[in-house]
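Commentary on secondary and tertiary structure
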Amino acid sequence: MRKRLIVANWKMNMLRREAKELAERIINLLNDLRSSVDVVLAPPYTSLDVVYRVVRESKIQLGAQNVFWEAWGAVTGEISPYMLTDIGCKWAIIGHSERRNILRETDIMVQKKIKTSLDAGLTPVFCVGETIGEREKGKTINVIESQIEIGLKDVKLADSANLVIAYEPVWAIGTGNNATPKEIEHLHGVIREITGGILGQIASDIRVLYGGSVNPENIKEILATPNVDGALVGGASLRADSFGKIVQLAGE
Ligand code: PGA
């Protein structure tokens, strides 16, 4: 049985004080959080420490939105996975479409980030998904297949809990336009199949999340879809009431 997981991606929002207050409000709303859902908050790097201090006694875990692929060295401005575990992170979002598109992150970079994060003890939330142009050209499956094949090439997974995949159609992110349950079911099935081809049997226990305009109104329908094990939530995670509601509905 795959346990549900809800990840809050706060992106480049909030100063430390605001991030701390939001984490506190979320903790208050979820203080009787059911153990049937895992919850991760991924604030910007600058707020990781304040948020960690708020969540460390709770069941809520801390994640980073990115990570570098080397452990140490002369890489000005980057953050190593070991620095992230040192500050209390257990998770790292890797290969988010905003990083692929705005910062030109490639599948090879994503693969290296996944490997170094696993070595450091971070659980990658490995994001894949097609753009609207790719979708219109009928290339969705090819794109996802190549993202997963390159991203997971030679990745050694000791435990299925050590990796999460997030299917995030780029056209659904921040648009209010989520994929339909039928589309999600199809793509999640495809993702599990491709992952199984690379990682073998362990893939059937890896959690696959959906992301892209998830909100309290659509979460139930999305989670009722076969092969959906949770959600990666952007905009709706910036308010305690909407994020709390999503988590609560995921736990029912
Ligand atoms: P959204 O973002 O929920 O605002 O669409 C999701 C994401 O980018 O992870």
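Per chain, residues are indexed from 1 in the order of the written sequence. Reporting of local features is limited, given that this is a predicted model, to residues whose pLDDT is at least 70; pairs of side-chain atoms are given and counted only at 80 or more, and all residues count toward the totals for whole chains, interfaces and linings. To obtain the side-chain values, all non-hydrogen atoms of the structure were included, while hydrogens and water were left out.

For our purposes a nonpolar core is just a set of buried Ala, Val, Leu, Ile, Met, Phe, Trp, Tyr and Cys residues, chained together by side-chain atoms within 4.5 Å. Per-residue accessibility, obtained with a 1.4 Å probe over protein chains only, is compared with the maximum for each type, and a residue is labelled buried under 20%, exposed over 50%, and partly exposed between these values. Ile 6 and Leu 41 are the most contacted members of the largest nonpolar core, which has 65 residues in total. In what follows, residue pairs with any heavy atoms lying within 4.5 Å of each other are defined as contacts. Those residues within four positions of Leu 41 in sequence are excluded, and the remaining contacts are Ala 8, Trp 10, Ala 23, Ile 26, Val 51, Val 55, Ile 60, Gln 61, Leu 62, Gly 63 and Phe 243. Grouped together as the second largest cluster of nonpolar side chains are 12 residues, Trp 91, Ile 93, Val 125 and Val 164 included.

Attention now goes to the packing of aromatic side chains. The rule is short: rings of Phe, Tyr and Trp, with Trp giving its six-membered ring, pair when the centres are within 6.5 Å, and they are stacked under 30 degrees, edge-to-face over 60, tilted in between. By the definition in use, this model includes three aromatic pairs. Above the face of the Trp 171 ring, Arg 135 is positioned so that its terminal group lies 4.1 Å from the ring centre. A ring has a charge above it when a Lys NZ or an Arg CZ is no more than 6 Å from the ring centre and no more than 35 degrees off the ring normal.

Quick look at the pairing of strand 2 (residues 37-42) now. Elements are defined by DSSP. Helices are runs of H or I of four residues or more, strands are runs of E of two residues or more, and each kind is numbered from the N terminus. The buried count for strand 2 comes to six of six residues, which makes it a mostly enclosed element. Alternating positions in strand 2 separate into two faces, Val 37, Val 39 and Leu 41 on one and Asp 38, Val 40 and Ala 42 on the other, with burial throughout. Bridging between strand 1 (residues 4-9) and strand 2 involves six bridges; their strand directions are parallel. In the sheet register, Ala 8 faces strand 2, and the bridge partner there is Leu 41. At least two DSSP bridges between two strands are needed for those strands to be called paired. Judged from the two bridges that link them, strand 2 and strand 3 (residues 61-64) form a sheet pairing that is parallel.

An order of 1-2-3-4-5-6-7-8 is seen for the eight strands of this closed barrel, with the pairing classed as parallel. Strand-to-strand twist across the sheet, computed as the mean angle between neighbouring axes with direction ignored, equals 25 degrees. Across four bridges, strand 5 (residues 123-128) lies against strand 6 (residues 164-167) in parallel orientation. Paired with Val 125 across the bridge in strand 6 is Val 164. Every axis corresponds to a line fitted to the C-alpha atoms, with the helix fit spanning only the stretch in contact, and the corresponding angles, defined between N-to-C directions, vary from 0 to 180 degrees. Strands strand 5 and strand 6 of the sheet are contacted by helix 7 (residues 140-151), whose axis makes an angle of about 155 degrees with strand 5.

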